[in-house]
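Report on the structure
In case you want the letters, here they are:
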Amino acid sequence: MGAIEVFLLSLMIASCLLPSVSAATRHYKFEIKMQNVTRLCHTKSIVTVNGQFPGPRIVAREGDRLEIEVVNHVHNNISIHWHGIRQVRSGWADGPAYVTQCPIQNGQKYLYNFTIIGQRGTFWWHAHISWLRSTLYGPIIILPNKNTPYPFAKPYKEIPIIFGEWFNADTEAIISQALQTGGGPNVSDAYTINGLPGPLYNCSAKDTFKLKVKPGKTYLLRLINAALNDELFFSIANHTLQIIDADGVYVKPFETNTIIITPGQTHNVLLKTKSHFPNATFYMTARPYVTGPGTFDNSTVAGILEYESKTKLHLKNLPLFKPLLPALNDTNFVTNFTNRLRSLASPQYPANVPQNVDRRLFFTVGLGTSPCDKNKTCQGPNGTKFSASINNVSFVLPTTALLQSHFFGQSKGVYKPDFPYSPLNWFNYTGNPPNNTLVANDTKLMVLTFNTSVELVMQDTSILGLESHPLHLHGFNFFVVGQGFGNFDPKKDPSNFNLVDPIERNTVGVPSGGWVAIRFLADNPGVWFMHCHLEVHTSWGLKMAWLVQDGTLPNQKLPPPPMDLPKC
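Residues numbered from 1 in each chain as written. Predicted model: local features only at pLDDT ≥ 70, side-chain atom pairs only at ≥ 80, totals over all residues. Heavy atoms only, no water.

1. Section: the overall build of the protein
The helix and strand tally for the protein stands at four helices and 33 strands. Projected onto the principal axes, the alpha-carbon positions of the protein cover approximately 75 × 60 × 50 Å. Counting over 568 residues, the protein shows a buried share of 58%. Contacts in the protein between residues at least 24 apart in sequence constitute 79% of all its contacts with a sequence separation of at least 6. Accessible area of the protein: about 23100 Å², with a carbon and sulfur share of 51%. Counting 47 positive and 37 negative side-chain charges, the protein places the averaged centre of each group 6 Å from the other. (Helix = DSSP H or I, 4+ residues; strand = E, 2+ residues; numbered from the N terminus. Buried < 20%, exposed > 50% of the residue type's maximum accessible area, 1.4 Å probe, protein only. Contact = heavy atoms within 4.5 Å. Areas by Shrake-Rupley, 256 points an atom, 1.4 Å probe, with all protein chains shown as cover. Lys, Arg positive; Asp, Glu negative; His and termini not counted. Charge placed at Lys NZ, Arg CZ, Asp CG, Glu CD.)

2. Describing the pairing of strand E10 (residues 190-193)
With burial as the criterion, each face of E10 is covered, one bearing Ala-190 and Thr-192 and the other bearing Tyr-191 and Ile-193. Pairing of strand E9 (residues 157-166) with E10, which is carried by four bridges, proceeds in the antiparallel orientation. Each bridged residue has a counterpart across the sheet, and for Gly-164 the counterpart in E10 is Thr-192. (Pairing = 2+ DSSP bridges.)

3. Some points on the pattern of salt bridges
One pass over the full model with this rule turns up 18 salt bridges. With a closest N to O distance of 3.0 Å, Asp-501 and Lys-252 form a salt bridge. Pair noted here: Asp-501 is in the loop between strand E28 (478-485) and strand E29 (503-505) and Lys-252 is in strand E15 (residues 249-256), with a separation of 249 residues, a long-range link. (Salt bridge = Lys/Arg side-chain N within 4 Å of Asp/Glu carboxyl O.)

4. Examining the state of the cysteines
Tallied over the full model, the rule gives three disulfides. In this model Cys-41 forms its disulfide with Cys-203; the gap between the sulfur atoms is 1.6 Å. On the sign convention where negative means left-handed, the S-S torsion of about 45° between Cys-41 and Cys-203 marks this disulfide as right-handed. Taken together, the residues span a long stretch of sequence, with Cys-41 in the loop between strand E1 (25-39) and strand E2 (42-49) and Cys-203 in the loop between E10 and strand E11 (210-213) at a distance of 162 residues. Residue classification places Cys-203 among the partly exposed residues on the basis of a relative accessible area of 36%. Between the sulfur atoms of Cys-102 and its disulfide mate Cys-568 the distance is 2.0 Å. The sign of the -95° torsion about the S-S bond sets the Cys-102-Cys-568 disulfide as left-handed. Residue Cys-102 is found in the loop between strand E5 (80-83) and strand E6 (109-115), and its partner Cys-568 is found in the segment after strand E33 (543-548); the two are separated by 466 residues along the sequence. The cystine pairing of the protein, numbering bonded cysteines in sequence order, is 1-3, 2-6, 4-5. (Disulfide = S-S within 2.5 Å.)

5. Things to note about the sheet that holds E10
Read across the open sheet, the six strands follow the order E10-E9-E12-E17-E14-E15; overall the sheet is mixed. Among the strands making up the open sheet, the edge pair consists of E10 and E15. Put simply, the sheet's adjacent strands are angled 25° from each other on average, direction ignored. Together, strand E14 (241-246), E15 and strand E17 (266-272) form the strand contacts of helix H3 (residues 331-340), whose direction differs from that of E15 by roughly 130°. (Axes fitted to C-alpha atoms, helices over the stretch in contact; angles between N-to-C directions.)

6. Focus on the sheet that holds E33
Hydrogen bonds between backbone atoms are what pair the strands of a sheet, whose relative direction is either parallel or antiparallel. Read from one edge of the open sheet, five strands run E25-E33-E32-E27-E30, paired in mixed fashion. In this open sheet, the two strands that pair with only one neighbour each are strand E25 (445-448) and strand E30 (507-510). Pairwise comparison of adjacent strand axes, ignoring direction, gives a mean angle of 25° for this sheet. In terms of strand pairing, E25 meets E33 through four bridges, oriented parallel. Counterpart to Leu-445 in the pairing with E33 is Ala-545.

7. Examining the UniProt feature "domain: Plastocyanin-like" (unreviewed entry) in the protein
UniProt tags residues 32-146, 158-309 and 422-550 as "domain: Plastocyanin-like" (unreviewed entry). Within the segment residues 158-309, helix and strand shares are 7% and 47% respectively, and the terminal C-alpha atoms sit 20 Å apart. (UniProt positions renumbered as here; feature names shortened; annotations may be inferred.)

8. Quick look at the environment of Ala-190
Inspection of the secondary structure assignment puts Ala-190 in strand E10. Given a relative accessible area of 0%, Ala-190 falls into the buried group.

9. Things to note about the packing of aromatic side chains
Using the criterion set out here, one finds 35 aromatic pairs in the structure. Relative to Tyr-429, the ring of Phe-427 lies with its centre 4.8 Å away and its plane at 65°, an arrangement referred to as edge-to-face. For the ring pair Phe-488 and Phe-497, a centre distance of 6.5 Å and an interplane angle of 20° mean the geometry is stacked. Since its relative accessible area comes to 11%, Phe-497 is described here as buried. Each residue in the set Phe-362, Trp-426, Phe-427, Tyr-429, Phe-488, Phe-497 and Trp-515 is aromatic and connected to the rest through ring pairs, giving one cluster. Over the ring of Trp-166 we find Lys-44, and its NZ or CZ is 4.8 Å from the ring centre. (Phe/Tyr/Trp six-rings, centres within 6.5 Å; stacked < 30°, edge-to-face > 60°. Lys NZ or Arg CZ within 6 Å of the ring centre and 35° of its normal.)

10. What about the nonpolar core?
The biggest cluster of nonpolar side chains holds 87 residues, and the ones touching the most others in it are Leu-221, Phe-363, Met-458, Phe-520 and Trp-546. Among the elements that make up this core, the one with the highest residue count is E9 (five residues). Discounting residues that sit within four places of it in the chain, Phe-520 has contacts with Pro-354, Leu-448, Thr-452, Ser-453, Val-454, Leu-473, Phe-476, Asn-477, Phe-478 and Trp-546. Counting 43 residues, the second-largest nonpolar core is a separate cluster that includes Ile-58, Ile-78, Tyr-112 and Leu-132. (Core = buried A, V, L, I, M, F, W, Y, C linked by side-chain atoms within 4.5 Å.)

11. With respect to the pairing of E14
Counting buried positions along E14 gives five out of six residues, so the element sits mostly inside the fold. Remark: two residues form the turn of the hairpin made by E14 and E15, two consecutive strands paired antiparallel; Asp-247 in that turn has positive phi of roughly 50°. The pairing of E14 with E17 spans five bridges and is classified as antiparallel. Considered in E17, the bridge of Ala-246 is made with His-267.

12. A look at the confidence of the model for the protein
Summarising the model, the protein shows a mean pLDDT of 92, and 94% of its residues fall at 70 or more. Ignoring residues within four places in sequence, the model shows residues 1-21, a span with pLDDT below 50, making 20 contacts including any to other chains. (pLDDT = per-residue confidence, 0-100.)

13. Here's the deal with the environment of Asn-487
Within the secondary structure layout, Asn-487 lies in the loop between E28 and E29. Asn-487 sits 58 residues away from Tyr-429 along the chain, and the two C-alpha atoms are 6.4 Å apart. A polar side-chain atom of Asn-487 sits 2.7 Å from a polar atom in the side chain of Asn-428. Engagement of the side chain of Asn-487 in a polar contact is seen with the side chain of Thr-430, the distance being 3.1 Å. (Polar contact = N/O pair within 3.5 Å; in protein donor to acceptor, adjacent residues only side chain to side chain.)

In structure tokens:
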């Protein structure tokens, strides 16, 4: 039997092993095309899905199969990531370019084919190559199974609210310049709510998102931070939000006037409107939380909450209230907010945090430097390039897909399976930085056997300044069992870990000048990216990858790739 026959036979066997569900198959077609869009009185041609900005909404139910055909009509290479979807044994559909697939080239197409297993809530999709996610993004709404109610009163209406960033300049030119100079990329010109900058920016009053509500109703707001580079505070003037979900996982509800949401995260919140028409309108605003040494967009995006009235009122004449947001560097608020997040941990929605750990890992995360290329001028410290690293390794994406090279046993020269379990050199991570700030540039993977329970502590470093890092793990949810400031103490800190009802997420912020501890079960075979959701495709972007080996049972193995998997 030849190699092709063996491959086809394995494909047939694998198809029999995929989950059998009676749920629906939902089809979408994403035509990647250029579209002229005007914001801030500035018109430019941007990459879109179906000419929409933000892109189209995907709606499915838990257990449904999604088939999304992506056709590339632009000159840029394209890949799409379905952020927060676990992709159980469907890693070929995860999307990060050169990790789970080669990008879709001009004139080509690819069918993303996967099943929603054990998940419901708010997720989102975005481009996962270069800086194309500045315009290529949209919501994914996964409803519970039919006849399965929410664990809270059914809302009157559900509304996605997506935070983004708008750049007047070409974002591909911005990232290209940053990669050449090794400096920080230029910041955005505005933040947006559902693609609109709002009235606090010049020439943008007409481009304002308006949320029209009725008195005495409860609305479910599906909040998504699709911004490239900034964690955001968000508040609605004179209204309280009830947090009921984080990253698609139900939480113990609590009320707050303001939330903090990092790039990549989602929150479902309940907004209960006032019982009577309030004779006023209300700003809902977002602005950044900033901890790092780099420049940032110090502006505020606003939408307007309007009440519907039975009588004809001139809304322009009503008073307009503004919320009071925390200070730009209010780490105390961020810490208190995140500490309140707890998994629902009910019999129906348990918190299955691993109680015993097979592998303990310690990762230092932060900025370092790399030498400037010959005959180049670089903008990092002392003429170097800024380079983010994990355990002093600055991850280099290969020119072919990691998952493909692993599956076909062709990893030699593509990656090394020896990512360090802990930093090679120990120092006072949050104290005076070491003299040597250079990092190693390599493609190393952390290899785990199937069903390994992992405890990972991620420690911020002060090498080039303390900074918060929102880390996103593909392929898994994880439990945030502990966090703190200063250096992690392996003798004292684990005694305070929450192993009862820790928050379960796919994206978590490593505190500025502190650490966070997570636990997860490596029960999903494949190659999975983990990266900071800030500037992931620049030298500033923290990133690494995990290789989870196949288990022994047929349903613990990664099926072969689809026939239309893009080629590099």
